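# Reading the structure
Spelled out, the chains give:
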Amino acid sequence: MESVAELAGVSRATASRVVNGGAGVRASLREKVERAVEELGYVPNLAARTLVTRRNRAVAVVVAEPESRLFSDPFFAQHLRGISRELSSADNQMVLLLIEDQADYERVGSYLAGGHVDGALLFSLHHSDPLPGMARRVGLPFVIGGRPGWPGAETDRELVYVDSDNRGGARLAVQHLRSIGRTRIATVTGPLDQTSSLDRLDGYRDLLPDGDADLIAEGDFTADGGGRAMAELLARRPDLDAVFAASDAMASGALRVLRDAGRRVPEDVAVVGFDDVEQIAAWTEPPLTTVRQDIEEMGRLMARLLLRRLSGSAEAPARPGPTSVITPTRLVVRGSA
């Protein structure tokens, strides 16, 4: 830093402000410092910076899913892309941690407690997941992806989460199916230990309050799970004429099973998914009608809210309850319904 300041002809304090992104430096001086940095090939000593600022400029992204699902489901790729772009723009690194099984909680908990990261983004949590409690015990700021559903979460002012309008999106799907004359509408839910699945099921039930329980089957947000649930529904109710699948991946599995069973889509059975993941929805046969949520933007919002908490600019809500950001959903009509 002394060499940068000397070459630029400025004080060490001015050089430091420029290198560390500080304000209050005239454009002409900033330009001189930046030229000196480039000429000298100066790279800040991150270990020394951490000692001074007490910040690692690193954020843990903890996904409560096995790697087989993370790397095969494009939903996660879009979510992580949004997180990564937002963190990178603020010169922060993303550290990805996965929960494969129960034994991984101890490993991840030790890492979070070890002072390696400034905060954590937690998503794809299942019912009573211990991750939020682990982060809270070690004083690590965190933001959750998805509405927290454990007892007491609805009045916890310290919680911050980002989600989409899952319930409203499900209502859009069922409204569309009813508008095209379908009367025996089934649904393939996600895992019912996740709030996104419960909210989408609630949206389905909002419009079909007296629906037949045989028209509801639980999946697991995978194509194989959607296929198994679709086969179960056909065995129970071969007269069904529509299905709302709570994810595009499950909808793709449902389409495969319907095709194998000789059912034409949409002539015999109309299908609507949820997510609008381009790698799936635009490439199914026929192309998938689906509910669009902005997955990448949700990742960006999660990272943005955490960075605000780390900078001390986040404010507690004026009334009891978590701080939540709910992104809108909309229906994208294609060939399957």
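This write-up is about the structure you can find in this document. Counting restarts for each chain, with residues numbered from 1 along the sequence as it is written. Predicted model: local features are reported for residues with pLDDT of at least 70 only, side-chain atom pairs are reported and counted for 80 or more only, and whole-chain, interface and lining totals are derived from all residues. Note that the side-chain values use all heavy atoms of the structure and ignore hydrogens as well as water.

## Things to note about the overall build of the protein
The criterion, for reference: For the purposes of this entry, the term helix denotes a DSSP run of H or I that reaches at least four residues, the term strand denotes a run of E that reaches at least two, and both are numbered from the N terminus. Any residue under 20% of the maximum accessible area for its type is buried, any over 50% is exposed, and the rest in between are partly exposed; the area is computed with a 1.4 Å probe on protein chains only. Should any heavy atoms of two residues lie within 4.5 Å, those residues are counted as being in contact. Only the protein chains shown count as cover for residues, and all accessible areas are computed by the Shrake-Rupley method using a 1.4 Å probe.
From N to C terminus, the protein includes 14 helices and 12 strands. Seen through its principal axes, the protein has C-alpha atoms that stretch 80 × 40 × 40 Å. Sorting the 337 residues of the protein into buried and exposed places 49% on the buried side. Residue pairs in contact within the protein that sit at least 24 positions apart in sequence constitute 71% of those at least 6 positions apart. Of the roughly 16,100 Å² of accessible surface on the protein, a fraction of 49% belongs to carbon and sulfur atoms.

## With respect to the environment of L305
Looking at where L305 falls in the secondary structure, it is placed in helix α14 (residues 295-311). Judged by its relative accessible area of 15%, L305 falls in the buried class. For the pair L305 and M94, spaced 211 residues apart in sequence, the C-alpha separation works out to 15 Å. Apart from the residues within four sequence positions on either side, L305 is in contact with V143, V160, V162 and V325.

## Considerations on the sheet that holds strand β1 (residues 58-63)
Under the convention used in this document: For two strands to pair, DSSP has to find at least two bridges joining them. Note on geometry: axes are C-alpha line fits, over the in-contact stretch for helices, and angles between N-to-C directions span 0 to 180 degrees.
Spatial strand order, β2-β1-β3-β4-β5-β11: 6 strands in an open sheet with parallel pairing. Where the open sheet ends on each side, the last strands, each with one partner, are β2 (93-98) and β11 (323-327). Taking the axes of each pair of neighbouring strands and ignoring which way they run, one obtains an average angle of 20° across the sheet. Judged from the 6 bridges that link them, β1 and β2 form a sheet pairing that is parallel. Across the sheet, A60 pairs through a bridge with V95, a residue of β2. Contacts between helix α6 (residues 74-89) and the sheet are confined to β1, β2 and β3 (119-123), with β2 contributing the most and set at about 150° to the helix.

## Examining the pattern of salt bridges
Under the convention used in this document: Salt bridge, as applied in this entry: a Lys or Arg side-chain nitrogen positioned within 4 Å of an Asp or Glu carboxyl oxygen.
One pass over the structure, following the stated rule, counts 25 salt bridges. Measuring nitrogen to oxygen at the nearest pair gives 3.4 Å for the salt bridge that ties R107 to D104. One end of the pair is R107 and the other is D104, both in helix α7 (residues 104-113) and 3 residues apart, which spans about a single turn. Look at R107 and you get partly exposed, because its relative accessible area is 43%. Among the residues examined, D104 registers a relative accessible area of 13% and is labelled buried.

## Things to note about the packing of helix α9 (residues 166-179) against helix α10 (residues 195-207)
Inclusion rule: The scheme is simple: roughly parallel for angles under 35 degrees, roughly antiparallel for over 145, roughly perpendicular for 65 to 115, oblique for anything else. By convention, the crossing between two helices is left-handed when the near helix turns anticlockwise from the far helix through less than a right angle, and right-handed when the turn is clockwise. Following the grouping adopted for this structure description, the nonpolar residues are Ala, Val, Leu, Ile, Met, Phe, Trp, Tyr, Cys and Pro, the charged ones are Asp, Glu, Lys and Arg, and the polar ones are all others, Gly among them.
Running from N to C, α9 and α10 cross one another at 40°; their axes reach a closest spacing of 7 Å. Of the possible angle classes, the one that applies to α9 and α10 is oblique. As α9 runs across α10, the sense of the crossing is right-handed. For the pair formed by α9 and α10, the contact residues are N166, R167, A170, R171, V174, Q175 and R178 on the first element and S196, D199, R200, D202, G203, Y204, D206 and L207 on the second. A class-by-class count of the residues in the contact of α9 with α10 yields 4 nonpolar, 4 polar and 7 charged.

## Focus: α9
Applied cut-off: What a helix is expected to span follows from its residue count: subtract one and scale by 1.5 Å.
Helix length check: α9 (14 residues) gives 20 Å between terminal C-alpha atoms against 20 Å at 1.5 Å per residue, within 8%. Among the residues of α9, those classed as buried are N166, G168, G169, A170, A173, V174, H176 and L177. Positive phi shows up at G181, right after α9, with a value of about 90°.

## Re the packing of aromatic side chains
Short version of the rule: Pairing of aromatic rings covers Phe, Tyr and Trp, the last through its six-membered ring, and needs centres within 6.5 Å; plane angles under 30 degrees mean stacked, over 60 mean edge-to-face, and all others mean tilted. For a lysine, the NZ atom is tested; for an arginine, the CZ atom; a charge sits over a ring if that atom is within 6 Å of the ring centre and within 35 degrees of the ring normal.
Counting across every chain of the model gives 3 aromatic pairs. Taking 5.5 Å as the distance between ring centres and 90° as the angle between the ring planes, the aromatic pair formed by F75 and F76 counts as edge-to-face. Pairing F244 with F274 gives two aromatic rings, centres 6.4 Å apart and planes at 55°, and the pair type is tilted. With F244 in strand β8 (residues 242-245) and F274 in strand β9 (residues 270-275), this residue pair connects regions lying 30 residues apart in the sequence. Since its relative accessible area comes to 0%, F274 is described here as buried. Of the aromatic side chains, those joined through ring pairs into one cluster are F75, F76 and F123. Here R200 stacks its cationic end above the ring of F274, 3.8 Å away from the centre of that ring.

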